[in-house]
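Inside the fold
Residue-level listing of the chains:
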Amino acid sequence: MGKSYERIDGRLRTFIEAQPLFFTATAPLSGDGTINLSPKGLRGSFAVLDDRTVAYLDFAGSNAETIAHLRENGRITLMWCAFQGPPNIVRVHGHGEPVFRDDPRFKELLTRFPGIDPALHGLRAIIVVTARHIRDTCGYAVPFMSYDEDRDLHARRFSREDDTSLGEYFRGKEHIESSLDGLPGLPLPLPPSTF
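To keep things clear, this report deals only with the structure shown in the data block. (Residues numbered from 1 in each chain as written. Predicted model: local features only at pLDDT ≥ 70, side-chain atom pairs only at ≥ 80, totals over all residues. Heavy atoms only, no water.)

**Observations regarding the overall build of the protein**
This is how the line gets drawn: Strands here are runs of E lasting at least two residues and helices are runs of H or I lasting at least four, both read from the DSSP assignment and numbered beginning at the N terminus. Two things to know: the radius of gyration comes from C-alpha atoms, and the globule rule equals 2.2 Å times the number of residues to the power 0.38. Throughout this description, buried means an accessible area under 20% of the type-specific maximum (1.4 Å probe, protein chains only), exposed means over 50%, and partly exposed covers the range between. Here, two residues are considered to be in contact whenever any of their heavy atoms come within 4.5 Å of each other. Accessible surface area values rest on a Shrake-Rupley calculation with a 1.4 Å probe, where residue burial reflects the displayed protein chains alone. Positive residues here are Lys and Arg, negative ones are Asp and Glu, while His and the chain termini are left out of the count. In plain terms, the charge of a residue is placed at NZ if it is Lys, CZ if Arg, CG if Asp and CD if Glu.
Within the protein, the regular secondary structure consists of 5 helices and 8 strands. Counted from the first residue to the last, the protein has its helices and strands arranged as β-α-β-β-β-β-α-β-β-α-β-α-α. Taken over C-alpha atoms, the radius of gyration comes to 17 Å for the protein, in line with the 16 Å a tight globule of 195 residues would show. Along the three orthogonal principal directions, the C-alpha set of the protein runs to about 50 × 40 × 30 Å. Per-residue burial over the protein gives 47% buried out of 195 residues. Within the protein, contacts between residues at least 6 apart in sequence are counted, and of these 73% link residues at least 24 apart. For the protein, the exposed area adds up to about 10200 Å²; of that, 53% sits on carbon and sulfur atoms. Computing the positive centroid from 23 side-chain charges and the negative centroid from 26, the protein places the two 4 Å apart.

**Remarks on helix α2 (residues 65-72)**
Along an α-helix, residues three or four apart share an orientation, since each turn contains 3.6 residues. Among the 8 residues in α2, 6 count as buried, and that is most of the element. Along α2, the positions that sit buried rather than exposed are E65, T66, I67, A68, H69 and L70. Of the surrounding elements, those touching the buried residues of α2 are β2 (22-26), β3 (36-40), β5 (53-58), β6 (75-81), β7 (89-100) and β8 (125-137). One or two steps after α2, the chain reaches G74, where phi turns positive at roughly 80°.

**Some points on the side chain of T53**
Secondary-structure assignment places T53 in strand β5. Each residue touching T53, except ones within four places of it in the same chain, is listed here: V48, V128, V129 and T130.

**What to know about the environment of S38**
Rules: Residues adjacent in sequence count toward polar contacts only when both atoms are side-chain atoms; beyond that, a polar contact is any pair of N or O atoms within 3.5 Å, and within protein one must be able to donate a hydrogen and the other to accept it.
Mapping S38 onto the fold places it in strand β3. Judged by relative accessible area, S38 falls into the buried class, the value being 13%. Along the sequence, S38 and F23 sit 15 residues apart, while their C-alpha atoms lie 5.5 Å from each other. Not counting chain neighbours up to four residues away, the residues in contact with S38 comprise F22, F23, T24 and T66. Within the structure, the side chain of S38 is placed 3.0 Å from the side chain of N36, a separation counted as a polar contact.

**Brief notes about the pairing of β2**
Where we set the bar: When DSSP finds two or more bridges between a pair of strands, those strands are recorded as paired.
Here β2 shows a buried face lined by F22, T24 and T26 and an unburied face lined by F23 and A25. Sheet topology note: the β2/β3 ladder contains 5 bridges and is antiparallel. Opposite A25, over in β3, you have L37 as the bridge partner.

**A word on unusual backbone geometry**
The residue after L188, namely P189, is reached through a cis peptide bond having omega 10°. Here P189 lies in the segment after α5 (163-171). In this model, L42 sits at a positive phi of 75°, which is unusual for a non-glycine residue. Relative to the assigned elements, L42 resides in the loop between β3 and β4 (46-50).

**Observations concerning the nonpolar core**
Let me state the cut-off plainly: Each nonpolar core is a collection of buried residues, namely Ala, Val, Leu, Ile, Met, Phe, Trp, Tyr and Cys, held together in the definition by side-chain atoms within 4.5 Å.
With 34 residues, the main nonpolar core has F46, L78, W80, F170 and L186 as its most contacted residues. Elements supplying a minimum of two residues to this core: α1 (10-18), β4, β5, α2, β6, β7, β8 and α5. For this core, the leading source of residues is β8, giving 5 residues. Beyond its immediate stretch of four places on either side in the chain, F46 contacts I16, F22, V54, A55, Y56, W80 and F113.

What follows is the structure in structure tokens.
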């Protein structure tokens, strides 16, 4: 049976912070818009900021659907599954906001991720999520899978980019400045990095 929680603390926080992978789901307001579901990994790129707020680093990629949906309506769900140990699924339904490089909050938020070098991954934004509903469920049907290590491909690909070349990379992708449904995505030009 599922249970709802008021806060992300104790056993719930320990479980979330231990997972090497989580998923994000967002959607536009349009009833026929494209729903987005993304896996997020890389150890050190997720942080619990307080008992109702979490954040993760949004790195370079081929699109910016999550950013576009959050800019339009803020709705987001994060999900973690136990692939090892006792079965469990945790979902945080909340309101998300992309904090871009030129936001005054960006530099302080970045200090919450000391275990990862953002310069290696083409950091675009920090996604901050305020929980509105926190719930866990059994996860009985989630298979056992082992975590071996993070892939190094993302860092190998984007560590060779500077702000200028990263901006050119983003401009060359069809769904960075706007979403699949034409919503505003990542604002370009990319502000200079301060990390």
